[in-house]
Amino acid sequence: MRTRFAPSPTGPLHLGHAYSALIAYEKAQAEGGRFLLRIEDIDQSRARPAWEAQIYDDLAWLELDWQQPVMRQSDRMDAYRDALRALWEAGLLYPCTCRRRDILEAASAPQEGAPQLGPDGVIYPGTCRNLPRPAQMPMDTALRLDMAKAVQASVVFEETGPDHQGTITTTPAQFRDDIGDIVLARKDMGTSYHLAVTVDDAAQGITDVVRGADLFEATPIHVLLQRLLGLTTPRYHHHILIRDEAGKRLAKRDDARAIATYRDGGLNPADVRALVGL
Ligand code: GLU
C-alpha cells in the first residue's frame with residue numbers, strides 16, 4: 001500500500017497542502033504502507049529550488065517522513081517521452097499548432113454556441129485533428145490525444161473520497177463530448193500534468209492516490225492513460241478542499257495561510273491539524 005503527496009514547488013505550501021499530505025500520510029500509516037513524495041516541477045518557468053527546499057522543511061515540521069530518494073519530475077523527461085512515443089506509434093496523438101485564441105474563436109463560432117468547458121478549459125474543436133501526420137513524432141509542437149480513437153470502452157475507477165464514493169464510470173461519449181482532445185505534451189514543456197502524473201504514479205507503485213477534489217474531473221483522463229499505456233489503476237481518494245473564511249479555495253499566493261506563517265507565528269503541528277479539522 002503506497003500513498004503520495006505531489007506538490008508543485010511554485011509557492012509556499014498552505015493549509016490545504018498540509019491537509020492533503022496528512023491524509024495521505026495517515027492512510028499509509030494506518031495500513032502499514034509507505035508514504036512517498038514527488039516534486040512536480042515540469043513547469044520550469046514557475047518552479048523554484050527555494051520552494052522545493054521549503055516543502056521539505058514544512059513537511060518535516062509537520063512530523064511527516066517519506067521514502068528517499070524523492071522523485072522529481074524534471075528528472076523524468078525520458079520516461080514521459082517514451083510514453084508519448086508509445087501513444088504516437090499507436091496512432092493516438094497528433095501535433096497541434098493552434099494558439100489559445102484560435103481555439104477560443106473556433107469553439108465560439110456562431111453555429112457552435114458558447115464554448116464548452118472541460119477539465120482543461122475550452123474543449124478543443126478539432127482544428128488540427130485531420131491534418132496529415134508527420135512520419136516522426138515532433139518534439140517542438142504540442143501533441144494532442146485523439147480522444148475518439150483512444151477511447152473504445154467505458155473506463156472505471158474506485159473512489160473512496162467523501163463526495164463520490166464507489167465505482168466511477170466514464171463513457172466513450174463523455175470522454176469525447178465533455179473532455180475532448182486534451183494536450184499530452186505542451187510545446188514549452190515536452191509533457192503535461194496528465195501524462196507526467198500518470199507515468200509517475202505507476203513508476204512509484206502508488207496504490208492509493210490522495211488529492212484534492214479539484215482534481216476529481218481529471219481522474220478519468222489518468223485512468224484512460226493507464227489503460228492505453230498498460231499501467232495499473234490505483235484507488236483514488238479526493239478529499240474536500242480547505243477554504244478560507246469567505247469560502248474561497250486557498251491559493252499559493254495566500255501567505256496568511258502558508259504553513260511557514262503558522263510555524264513562524266508560534267503554532268505547533270497539532271494546532272495546524274486542528275485548523276484543518278484533523
Ligand atoms: N502537483 C499538483 C498540485 O500541486 C497535484 C497533483 C496530484 O496530486 O495529482 O496541485
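Anyway, here's the lowdown on the structure attached to this text. For clarity, every value in this text was computed on a predicted model and none was experimentally measured. (Residues numbered from 1 in each chain as written. Predicted model: local features only at pLDDT ≥ 70, side-chain atom pairs only at ≥ 80, totals over all residues. Heavy atoms only, no water.)

So, the sheet that holds strand 3 (residues 71-72)
Spatial ordering of the open sheet is given by 1-2-3, a layout of three strands whose pairing is parallel. Looking at strand neighbours, the two that pair on one side only are strand 1 (2-5) and strand 3, the edges of this open sheet. Pairing between strand 2 (residues 34-39) and strand 3: two bridges, direction parallel. Of the residues in strand 3, the one forming a bridge with arginine 38 is methionine 71. (Pairing = 2+ DSSP bridges. Helix = DSSP H or I, 4+ residues; strand = E, 2+ residues; numbered from the N terminus.)

A short note on the pattern of salt bridges
The full count for this structure, using the stated rule, is 17 salt bridges. Arginine 38 is the salt-bridge partner of aspartate 201, the closest N and O atoms lying 2.9 Å from each other. A residue pair is termed long-range when its members are at least 10 positions apart, and aspartate 201 in helix 7 (residues 193-203) and arginine 38 in strand 2 qualify at 163 residues. Among the residues examined, arginine 38 registers a relative accessible area of 0% and is labelled buried. The partner of arginine 129 in a salt bridge is aspartate 181, and the shortest N-O contact between them spans 2.7 Å. In this pair, arginine 129 is assigned in the loop between strand 6 (121-122) and strand 7 (142-145) and aspartate 181 in the loop between helix 6 (172-179) and strand 10 (183-185), connecting sequence segments 52 residues apart. Classification of aspartate 181 as buried rests on a relative accessible area of 4%. Each of the salt bridges in this network shares a partner with another, and the network as a whole consists of Arg4, Arg38, Glu40 and Asp201. (Salt bridge = Lys/Arg side-chain N within 4 Å of Asp/Glu carboxyl O. Buried < 20%, exposed > 50% of the residue type's maximum accessible area, 1.4 Å probe, protein only.)

Such coordinate-based values are descriptive only and should not be taken to indicate function.
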